[in-house]
Amino acid sequence: QVQLVESGGGLVQPGGSLRLSCAASGYYTINVMGWYRQAPGRERELVATITRGGNSNYADSVKGRFTISRDNAKNTAYLQMNSLKSEDTAVYYCSSTTLATGTRIYWGKGTLVTVSS
């Protein structure tokens, strides 16, 4: 099993920045890590993913504003969010796969990001 714990959410003004963290623990070796978000009344959507080797992928809506990174030694992923907009308001979920369990996705419980003046 894998446990994912997010932190760093909160209230920020439009144009501001936040940094989310996701700490992974468990028996299996973590493979791809990612961030998804779900706004009220909307489906969960991909924000960004990053492989163990550091290759990253972003949703078009966050390209140039968000940066995903990871520290494999700490089993931790980060999401640096800059130039935040009101439409970025959502619960942000960390996800991961593992080398042993293939395509199975593990999820954290989420952290709320609210962008409002």
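Residues numbered from 1 in each chain as written. Predicted model: local features only at pLDDT ≥ 70, side-chain atom pairs only at ≥ 80, totals over all residues. Heavy atoms only, no water.

One pass over the full model with this rule turns up one disulfide. A disulfide bridge connects C22 with C94, and the sulfur atoms are separated by 2.0 Å. Taking the torsion about the sulfur-sulfur bond, which here is approximately -80°, the covalent link between C22 and C94 counts as left-handed. On the criterion of sequence distance, the pair formed by C22 in strand β3 (residues 18-26) and C94 in strand β9 (residues 90-98) is long-range, its members being 72 residues apart. Residue classification places C94 among the buried positions, given a relative accessible area of 0%. (Disulfide = S-S within 2.5 Å. Helix = DSSP H or I, 4+ residues; strand = E, 2+ residues; numbered from the N terminus. Buried < 20%, exposed > 50% of the residue type's maximum accessible area, 1.4 Å probe, protein only.)

Applying the stated criterion across every chain, the model contains two aromatic pairs. On the numbers, 5.5 Å between centres and 75° between planes, the contact of Y27 with Y28 is edge-to-face. With 5.0 Å between their ring centres and 75° between their planes, Y36 and W107 make a pair best called edge-to-face. Of this pair, Y36 sits in strand β4 (residues 30-38) while W107 sits in strand β10 (residues 106-107); the two residues are 71 residues apart in sequence, bridging distant segments of the chain. R19 extends its terminal NZ or CZ atom over the ring of Y78, reaching a point 4.1 Å from the ring centre. Taking the ring centre of W107 as reference, the NZ or CZ of R44 above it sits at 4.6 Å. (Phe/Tyr/Trp six-rings, centres within 6.5 Å; stacked < 30°, edge-to-face > 60°. Lys NZ or Arg CZ within 6 Å of the ring centre and 35° of its normal.)

Taken together, the four strands give an open sheet; going across it, the order is β1-β3-β8-β7, and neighbouring strands pair in antiparallel fashion. The sheet terminates laterally at β1 (2-7) and β7 (66-71), the two strands that pair on one side only. Taking each pair of neighbouring strands and ignoring which way they run, the sheet shows an average axis angle of 15°. Judged from the six bridges that link them, β1 and β3 form a sheet pairing that is antiparallel. From the neighbouring strand, V2 faces β3, where its bridge partner is G26. (Pairing = 2+ DSSP bridges. Axes fitted to C-alpha atoms, helices over the stretch in contact; angles between N-to-C directions.)

Attention shifts here to the side chain of E6. Structurally, the position occupied by E6 is in strand β1. Here E6 occupies a buried position and makes no salt bridge, while the nearest side chain of opposite charge, R44, is found at 7.6 Å. Of the polar contacts made by the side chain of E6, one reaches the backbone nitrogen of C94; its length is 2.8 Å. Among residues more than four places away in sequence, those in contact with E6 are S21, C22, W35, Y92, Y93, C94, G108, K109, G110 and T111. (Lys, Arg positive; Asp, Glu negative; His and termini not counted. Salt bridge = Lys/Arg side-chain N within 4 Å of Asp/Glu carboxyl O. Polar contact = N/O pair within 3.5 Å; in protein donor to acceptor, adjacent residues only side chain to side chain. Contact = heavy atoms within 4.5 Å.)

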